[in-house]
Amino acid sequence: MGFKKIKTIIEECKEFASWEKVLRLRPEAFWVFVTQVGIVVAGLIGVKMLTNLLGPSEYGRLSIANTMIALIGTSFFVPFSQGLLRFWSIAKERENLNVFYSAERKISHLLFFGALTVAVVLFLIAQYTSSLNGSLLVILALLTGTISGLISLKTGIFTANRRRAAVALLSIGTFLFRPLLAAALI
C-alpha cells in the first residue's frame, strides 16, 4: 500500500462525520458500564449475604422462589413491557407522551392488582387447607415478581427515553433489594 493510498484513507476518516456521534455516546456508554458492574457487584453481595444467613435447604427454597420470580417477570411483565414500548417512539414523535404514560400507569395498576388478587386467593386457599408454609413462599414470590416486573417495565421506559442514570439506579437497586428482602423475611 502506497503513501498516496494511506493519505486517502486518512482523509476519508477525517471526513467521517460519525465520530461526533461516537463521542456523544460516551456518557451513555459510561452509564451502561456502571449498570453492568453494579449488577455484578450487587449480585455477589447478595449471594454472599444469603449463603451466610441460610442453610442449604433454605437456600434451595430461596432458589425455587427466585425461579418463580423470574418466571412471573418473563411470563407476564416482559410481553406487556415490550408491547407497550412499541408505542413509546410513536407517542414521542407525535408529542403525545402524556397519553402513553397514562396508559402505562393503567396497565401497571391492572397487572399489580391482578397479581395481588391471585396472592390473596392463594393465601385464603392456604389458610383453608392449613398448608400455609409452602403457600407463603409462592405468595411472596408472586408479590416480589410483580414488583420486579413493574420495575422492569419502568426500566424499559427509561431506556427508551435514554435516561441511563435512572436505568443504572433501578437495575442496581433491584439486584440489591431482592436479597435484602429475603434476608429481612428470614
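Residues numbered from 1 in each chain as written. Predicted model: local features only at pLDDT ≥ 70, side-chain atom pairs only at ≥ 80, totals over all residues. Heavy atoms only, no water.

Peer 1: How do you make sense of the nonpolar core when you look at a structure like this?
Peer 2: Nonpolar side chains in soluble globular proteins generally cluster together in the buried interior. Formed by Ile 72, Phe 77, Leu 111, Ala 119, Ile 139, Leu 142 and Leu 150, the largest nonpolar core amounts to seven residues. Contributing elements (two or more residues each) for this core: α4 (56–85), α6 (97–129) and α7 (132–160). Here this core takes three residues from α7, the largest share from any one element. Apart from the residues within four sequence positions on either side, Leu 150 is in contact with Phe 77, Ser 108 and Phe 112. By size, the runner-up hydrophobic cluster in this structure holds six residues, among which are Leu 84, Ala 91, Leu 153 and Ile 157. (Core = buried A, V, L, I, M, F, W, Y, C linked by side-chain atoms within 4.5 Å. Buried < 20%, exposed > 50% of the residue type's maximum accessible area, 1.4 Å probe, protein only. Helix = DSSP H or I, 4+ residues; strand = E, 2+ residues; numbered from the N terminus. Contact = heavy atoms within 4.5 Å.)

Peer 1: For this particular structure, what's the right way to read the packing of aromatic side chains?
Peer 2: Centre distance and the angle of the planes are the two values used to describe a pair of aromatic rings. Per the stated rule, a full pass over the model turns up three aromatic pairs. With a centroid separation of 5.4 Å and 70° between ring planes, the pair formed by Phe 30 and Trp 31 is classed as edge-to-face. Judged by its relative accessible area of 30%, Trp 31 falls in the partly exposed class. Here the aromatic rings of Phe 100 and Tyr 101 are separated by 5.5 Å at their centres, their planes lie at 75°, and the arrangement is edge-to-face. (Phe/Tyr/Trp six-rings, centres within 6.5 Å; stacked < 30°, edge-to-face > 60°.)

Peer 1: Please explain unusual backbone geometry as it appears in this structure.
Peer 2: Working note: non-glycine residues mostly have negative phi, and peptide bonds are mostly trans. The phi torsion at Glu 95 lies on the positive side, around 55°, for a residue other than glycine. Residue position: Glu 95 is located in the loop between α5 (88–93) and α6. We note that Arg 162 has phi near 60°; this positive angle belongs to a residue other than glycine. If you trace the backbone, Arg 162 turns up in the loop between α7 and α8 (164–185).

Peer 1: I'm lost on the environment of Gly 73 in this one. Help?
Peer 2: Mapped onto the fold, Gly 73 is located in helix α4. Among the residues examined, Gly 73 registers a relative accessible area of 14% and is labelled buried. Sequence separation between Gly 73 and Leu 153 is 80 residues, and the spatial gap between their C-alpha atoms is 9.7 Å.

Peer 1: It is not clear to me how a nonpolar patch on the surface should be interpreted in this structure. Could you clarify?
Peer 2: Together, Phe 33, Val 37, Val 41, Ile 45, Leu 176 and Leu 180 line one region of the surface with nonpolar side chains, adding up to about 520 Å² of accessible area. Looking at the nonpolar patch, the elements with two or more residues in it are α3 (26–53) and α8. The leading source of residues in the nonpolar patch is α3, at four residues. Inspection of the secondary structure puts Phe 33 in helix α3. (Patch = residues over 30% accessible without salt bridge, like charges linked within 9 Å, V, L, I, M, F, W, Y side chains within 5 Å. Areas by Shrake-Rupley, 256 points an atom, 1.4 Å probe, with all protein chains shown as cover. Salt bridge = Lys/Arg side-chain N within 4 Å of Asp/Glu carboxyl O.)

Peer 1: I keep staring at the side chain of Ser 108 and nothing clicks. Help me out?
Peer 2: Summarising the element assignment, Ser 108 is placed in helix α6. For Ser 108, the contacting residues outside a window of four places in its chain are Leu 150 and Leu 153.

Peer 1: So what exactly am I meant to see when it comes to the layout of surface pockets here?
Peer 2: Where empty space is left becomes clear once a probe the size of a water molecule has been rolled over the atoms. By volume, the second largest pocket amounts to about 210 Å³. In terms of lining residues, the second largest pocket is bounded by 15 residues, among which Ser 148, Gly 149, Ser 152, Thr 174 and Arg 178 are the most central. If you list the elements that add at least two residues to the lining of the second largest pocket, you get α4, α7 and α8. The residue makeup of the lining of the second largest pocket, split by class, is six nonpolar, eight polar and one charged. (1 Å grid on protein atoms, 1.4 Å probe; cavity = no way out; pocket = protein on both sides within 12 Å on 5 of 7 lines; lining within 4 Å. Points joined across faces, edges and corners; volume = space filled by probe spheres on them. Nonpolar A, V, L, I, M, F, W, Y, C, P; charged D, E, K, R; others polar.)

Peer 1: Teacher, can you tell me more about α4 here?
Peer 2: One turn of the α-helix equals 3.6 residues, which is why residues spaced by three or four share an orientation. Look at α4: 40 Å from first C-alpha to last across 30 residues, which is about the 44 Å you get at 1.5 Å a residue. Along its length, α4 shows its largest kink, about 40°, at Phe 77, and proline Pro 79 lies within four residues downstream of that point. (Expected span 1.5 Å × (residues − 1). Bend = angle between axes of the 7 residues up to and from the residue.)

Peer 1: Even after reading the chapter, I still don't get the side chain of Thr 144, so can you show me in this structure?
Peer 2: Counting through the fold element by element, Thr 144 comes out in helix α7. Taking the relative accessible area as the measure of exposure, Thr 144 reaches 11% and is therefore buried. Apart from the residues lying within four places of it in its own chain, the contact partners of Thr 144 are Ile 69, Arg 178 and Leu 181.

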